Amino acid sequence: MVKQYILVILFSLISHSVFAQIDSTLFKRKPKADSSKMNIDAVYNRPFLQVGRTPLGIGGYAELNTNYGVIDGVSEGLSFQMRRMTLFLGGSLHSKIKFMSEIEFEDGTKEINIEFAALDFQFDNFFNFRGGIVVNPIGAFNQNHDGPKWEFIDRPISATQLLPATFSNVGMGIYGKKYTKQWVLAYEAYLTNGFDETIIDNEFSRTSLSAAKANKDRFEESSNGKPLFTGKVAIRHRKIGELGLSYMGGIYNKFQDDGFVLAPKRALNVFAIDFNTVLKKTKTTITAEWAWINVDLPSSYAVQYGSKQNGGFVDVVQPVFKKPIIGFSNSTFYVSCRLEQVDWNTGKFIETSAKMYDETFSIMPALSWRPISSTVIRLNYRRQKQRDFLGNPPANAGVIQFGLSSYF
Amino acid sequence: MNTRDKMNILFRALLISAIGFLSASCEKILPSSPEENEVLDGTIDALSTAETAKFLRGDGAFTRVFTSSTGLGPLFVSNSCISCHAGDGKGHPSTSLVRFGQINEMGNQFMNQGGPQLQHRAIVGFMPETIPSGATHSTFIAPANTGLGFLEAVSDADILALSDPEDKNNDGISGVPNWIELADFVKPKSNSISKNGKYIGRFGRKAGAYNLLNQTVNAYNQDMGIVSSFSAKDTFSGENQEPEVSDNEIMDLVLYLQTLKAPLQRNVANQDIKDGKVLFVKSQCSSCHIPQMTTGSSSIAGLNNKTFAAYTDLLMHDMGKALDDNYTEGTAKTYEWRTTPLWGLGLSKDSQGGKVHLLHDGRAKSIDEAITLHGGEAVNSREKYSALSTNEKQLLIKFLESL
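No experiment lies behind these values; they were computed from the predicted model shown. (Residues numbered from 1 in each chain as written. Chains lettered and ligands numbered in written order. Predicted model: local features only at pLDDT ≥ 70, side-chain atom pairs only at ≥ 80, totals over all residues. Heavy atoms only, no water.)

Glancing now at the nonpolar core. By size, the foremost hydrophobic cluster in this structure holds 72 residues, and its most contacted members are A:Phe195, A:Ile199, A:Val295 and B:Tyr220. Per element, the largest residue contribution to this core is six residues, and it comes from helix H6 (residues 247-259) of chain B. Leaving out residues up to four positions away in the same chain, A:Val295 has contacts with A:Ile199, A:Ile200, A:Thr207, A:Leu209, A:Tyr252, A:Ala267, A:Leu268 and A:Ser307. Counting residues in each nonpolar core, the second largest holds 29 residues, with B:Phe140, B:Phe280, B:Met319 and B:Leu403 among its members. (Core = buried A, V, L, I, M, F, W, Y, C linked by side-chain atoms within 4.5 Å. Buried < 20%, exposed > 50% of the residue type's maximum accessible area, 1.4 Å probe, protein only. Helix = DSSP H or I, 4+ residues; strand = E, 2+ residues; numbered from the N terminus. Contact = heavy atoms within 4.5 Å.)

Applying the stated criterion across every chain, the model contains 32 salt bridges over all chains. Notably, a salt bridge pairs A:Arg382 with A:Asp154, separated by 3.2 Å at the nearest N-O pair. Here A:Arg382, found in strand S19 (residues 375-387), pairs with A:Asp154, found in the loop between strand S7 (127-135) and helix H2 (157-162); they are 228 residues apart in sequence, far enough to count as distant. Each of the two residues, A:Arg382 as well as A:Asp154, counts as buried. One salt bridge connects B:Arg57 with B:Asp252, and the closest N-O pair in it is separated by 3.1 Å. Linking B:Arg57 in helix H2 (residues 49-63) with B:Asp252 in helix H6, this pair joins segments that are 195 residues apart in sequence. The network of salt bridges with shared partners includes A:Glu63, A:Arg84, A:Glu104, A:Glu106, A:Arg155 and A:Arg378. (Salt bridge = Lys/Arg side-chain N within 4 Å of Asp/Glu carboxyl O.)

All names here are of chain B. Judged by pairing direction, the sheet is antiparallel, and its three strands sit side by side in the order S3-S2-S5 without closing on themselves. With partners counted over all chains shown, the strands left at the sheet margins are strand S3 (117-118) and strand S5 (137-140), one partner each. Inspection of the sheet shows strand S2 (residues 97-100) paired to S3 by two bridges, in the antiparallel sense. Paired with Val98 across the two strands is Leu118, which belongs to S3. (Pairing = 2+ DSSP bridges.)

This part is about the interface of chain B and chain A. Taken together, the contact pairs 41 residues of chain B with 42 residues of chain A. Buried area between chain B and chain A, both sides added, is near 3,200 Å², and the carbon and sulfur share of it is 66%. When residues of chain B are sorted by the area they lose upon contact with chain A, B:Phe11, B:Pro31 and B:Val124 head the list and together hold 19% of the total. Between chain B and chain A we count zero salt bridges in total. Viewed at the interface, chain A and chain B are joined by 11 residue pairs in polar contact (both at pLDDT 80 or more). Broken down by secondary-structure element, the contributors of at least two residues to the side of chain B that touches chain A are helix H1 (3-25) and strand S4 (121-122) of chain B. In terms of residues, the side of chain B that touches chain A owes the most to one element, H1(B), which gives six residues. (Buried area = accessible area lost by both parts, 1.4 Å probe. Polar contact = N/O pair within 3.5 Å; in protein donor to acceptor, adjacent residues only side chain to side chain.)

Before going further, it helps to spend a moment on H2(B). The end-to-end C-alpha distance of H2(B) is 21 Å, a good match for the 21 Å that 15 residues give at a rise of 1.5 Å each. Along its buried surface, H2(B) packs onto helix H5 (212-224) and H6 of chain B. (Expected span 1.5 Å × (residues − 1).)

Residue and element names in this part refer to chain B. Counting across every chain of the model gives 31 aromatic pairs over all chains. The interplanar angle of 80° and the centroid separation of 5.7 Å between the aromatic rings of Phe280 and Tyr311 together place this pair among those described as edge-to-face. Linking Phe280 in helix H7 (residues 271-282) with Tyr311 in the loop between strand S10 (307-308) and strand S11 (316-318), this pair joins segments that are 31 residues apart in sequence. Both residues of the pair, Phe280 and Tyr311, belong to the buried class. (Phe/Tyr/Trp six-rings, centres within 6.5 Å; stacked < 30°, edge-to-face > 60°.)

Okay, the sheet that holds strand S6 (residues 178-180) of chain B next. Residues and elements named next belong to chain B. The three strands are arranged S6-S8-S7 in an open sheet whose pairing can be described as antiparallel. Two strands bound the open sheet, and with one partner strand each, they are S6 and strand S7 (194-195). In the sheet, S6 pairs with strand S8 (residues 198-201) via three bridges, with the strands oriented antiparallel. Bridging across to S8, Ile180 finds its partner in Tyr199.

Residue and element names in this part refer to chain B. Turning to its location among the elements, Ser299 is positioned in the loop between strand S9 (293-294) and S10. Residue Ser299 is classed as exposed on the basis of its relative accessible area of 76%. In this structure the C-alpha to C-alpha distance between Ser299 and Ala53, which are 246 residues apart in sequence, comes to 16 Å.

On to unusual backbone geometry, then. Of note, the amide linkage connecting A:Leu163 to A:Pro164 takes the cis form, showing an omega dihedral of 0°. Summarising the element assignment, A:Pro164 is placed in the loop between H2 and strand S8 (168-179). With an omega dihedral of 5°, the bond running from B:Gly115 to B:Pro116 counts as a cis peptide bond. Not every positive phi belongs to a glycine, and A:Asp358 is a case in point at roughly 55°. Checked against the element boundaries, A:Asp358 lands in the loop between strand S17 (332-343) and strand S18 (359-372). Here B:Asn267, not a glycine, exhibits a phi torsion of approximately 55°, which is positive. For B:Asn267, the location among the structural elements is in the loop between H6 and H7.

Before going further, it helps to spend a moment on the confidence of the model for chain A. In the predicted model, chain A carries a mean pLDDT of 89, and the fraction of residues at 70 or more is 92%. Here residues 1-27 of chain A is a poorly scored stretch, pLDDT under 50, and it has 27 contacts once near neighbours within four places are set aside; other chains count. (pLDDT = per-residue confidence, 0-100.)

Here the focus is the pairing of S2(B). Residues and elements named next belong to chain B. The alternating pattern of S2 places Leu97 and Arg99 on one face and Val98 and Phe100 on the opposite face, and all of these are buried. Pairing of S2 with S5, which is carried by four bridges, proceeds in the antiparallel orientation. Each residue of the ladder has a partner; that of Phe100, found in S5, is His137.

Attention now goes to the side chain of A:Asn67. Residues and elements named next belong to chain A. Of note, Asn67 is situated in strand S3 (residues 56-71). At 2.9 Å, the side chain of Asn67 and the side chain of Gln401 are in polar contact. Apart from the residues within four sequence positions on either side, Asn67 is in contact with Gly77, Leu78, Ser79, Gln81, Arg83, Val399, Ile400 and Gln401.

Residue and element names in this part refer to chain B. At a minimum axis separation of 7 Å, H7 and helix H10 (residues 390-402) run at an interaxial angle of 100°. When the interaxial angle is binned, H7 and H10 end up roughly perpendicular. Of the residues in H10, those touching H7 at Asp272, Ile273, Asp275, Gly276, Lys277, Leu279 and Phe280 are Glu392, Leu395, Leu396, Lys398, Phe399, Leu400 and Ser402. By residue class, the composition of the contact of H7 with H10 is seven nonpolar, two polar and five charged. (Axes fitted to C-alpha atoms, helices over the stretch in contact; angles between N-to-C directions. Parallel < 35°, antiparallel > 145°, perpendicular 65-115°, else oblique. Nonpolar A, V, L, I, M, F, W, Y, C, P; charged D, E, K, R; others polar.)

Turning to the packing of H5(B) against H6(B), a few remarks are in order. Residue and element names in this part refer to chain B. At their nearest, the axes of H5 and H6 sit 9 Å apart, and the two run at 125° to each other. For the element pair H5 / H6, the angle class is oblique. As for how H5 packs across H6, the hand of that crossing is right-handed. The segment H5 lies against H6, with Leu212, Leu213, Thr216, Val217 and Tyr220 engaging Glu249, Ile250, Met251, Leu253, Val254, Leu257 and Gln258. (Left-handed = near helix turned anticlockwise from the far one by under 90°.)

Turning our eyes to something else, we now look at the environment of A:Ser300. On the secondary structure map, A:Ser300 appears in the loop between strand S15 (284-295) and strand S16 (308-322). On the basis of relative accessibility, which here comes to 14%, the residue A:Ser300 falls in the buried class. What A:Ser300 contacts, discounting residues up to four positions off in sequence, is B:His120, B:Arg121, B:Ala122 and B:Pro128.

Encoded structure:
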């Protein structure tokens, strides 16, 4: 399926190139930025290349970086990483029927995933039907995760390892937006295949929703026949910012097989809140997200697997220098900082009544340069403290990364 | 030169400066290693290249997390070695284990009911074990792993030389080996001493394991439910199964345990610590917690004929009624416990969540409490400790915390 997909993209590129006789002026980019745009719009709000008046849009982005990390004085040295190359292919079959897809190659070809491939049918702005492989819209990062949009090379820990980021599933649902003069309201609601028991039986030795990403069977069938519900409501004031509330929940375990009951149904619930704004005076962008997870665990399970988790991040991005440089008329430098915290196991030990830890805290100052808005060159420095679930002295990590990310 | 040219030059200068600064300061802004004597992990000296490679593989085996798809359980206590021995140190009460079913040298009477170890956790779809009715039991906190290769390399003759079953020197301390039957996969060393077909155990709270292979294979099987060619019987079904861990992985882990360094004493030159050691000896703590032992011959150069300071005699001692859980292993009495090595004691809290949990089941919340809970053969020593002034007690404890 993946090969066919790539062939379609290559064929499209080649055929359009032939028709266009490699005249790049026939391609046009369609970036959109206005105060009504929200995280929900990120799927389509990308700089696609479009040939003339054809309904086909092609695009993508790539990210690569160096990585030099040290944990408690021990380093594995310098590495070069091709984090991901993502290809977009979308098209309009009709003014009310659209198709959009996103295929991602991570770490070279170590992982190849169709992250998004859905057909949208518009009844009106406030009521659209979507079916296919969708990214469950829990939190904001899941909706709006393209690398070139961020000043940080690493994705947030809470988004990637806690929620998890870009967790996509087969399913269907509805979404829409409603506009007033100052306010924009958006919602999404999907029923999809969902999680499985690997979230509490994995090599991370902790409750890990992201462990379920390894189960590729979820694109073929549900692990237990019970759909996962994911819903999000977001509201945006054009001058203040956007606030989103999202929920994802369902039964994660295989509780029956061939009509026989194997175990009680066990549920997981995830709540997330996200916010973003741009301070008018200073043009400072603030993006924040926090999530809470509740998982019903078997009582006899290993203590390392927590039933409650929470975590999130705050990004502050400040443009500091906007001048034409070496031919880039809108070149802008940014100084940014990300604060992150994740508590993988909220609770107390039965044996000692002491607090359980398994916590990660990270601070990541960053410098970045955008010669153009869709390309970013980033220098990140991370300091991270990670405590095991007992609360022993933390592992101290430091990472320096330099890289670039760009739409193409 | 116009403004644009100036900007371009400034930009290039800043870029070059940033790269230069980062190259020069890279190591300074990244976290440094803790002092060697502040951590338990690390290797003994003089490992060969091949041994180092095996050590690293063993380290990987030690941190490997098992899941139901890689063989965990179905009944288990924990899912990895490191979950019970964080940082290679002592365990925490939340990861302790329970053994049951043996009250004398006649052996475990509950082997057909899940003995000797309780697997109180289970993978999804299975019910964990409970202690059978009528079985006595004892809770064990996981011991530290460091320096085990030195303890393994001590000769049986040296251990026997320290024992005094009849208390011929009238110091109130006897000390006897725990004579145990060897599992089929355990081959005695060439210089081993046997008695009625039994050999000297030296690992575990009751010295119920002969060597580190014995200890490791039992831990895979009893702690994690992982069967191997050495021990193929599944703890749930009781049936022999195909190995879930390779012999090579087990042998890598055994070498890892053999070659973890001995904990290093801190502040050796400090006068308080020197005075504390004098009080330690004067209180006769050192009669069982012997300050120095010597290894015999070993194929691993770093363990061959080395003197080390583990503060143990590897013998079983009567510790009194308060510590008698009415459970035992081998030929040991239920009130007898192997002298716990004291090295690494000062770093125990760093693997136990910031607070110490001492004695076999972690009941002592401080070194002082652990000492005062000593009974049996240790009564005289405990009374001598109790008779010390507050300042002297602090010196003695300071010495113990330096280990």
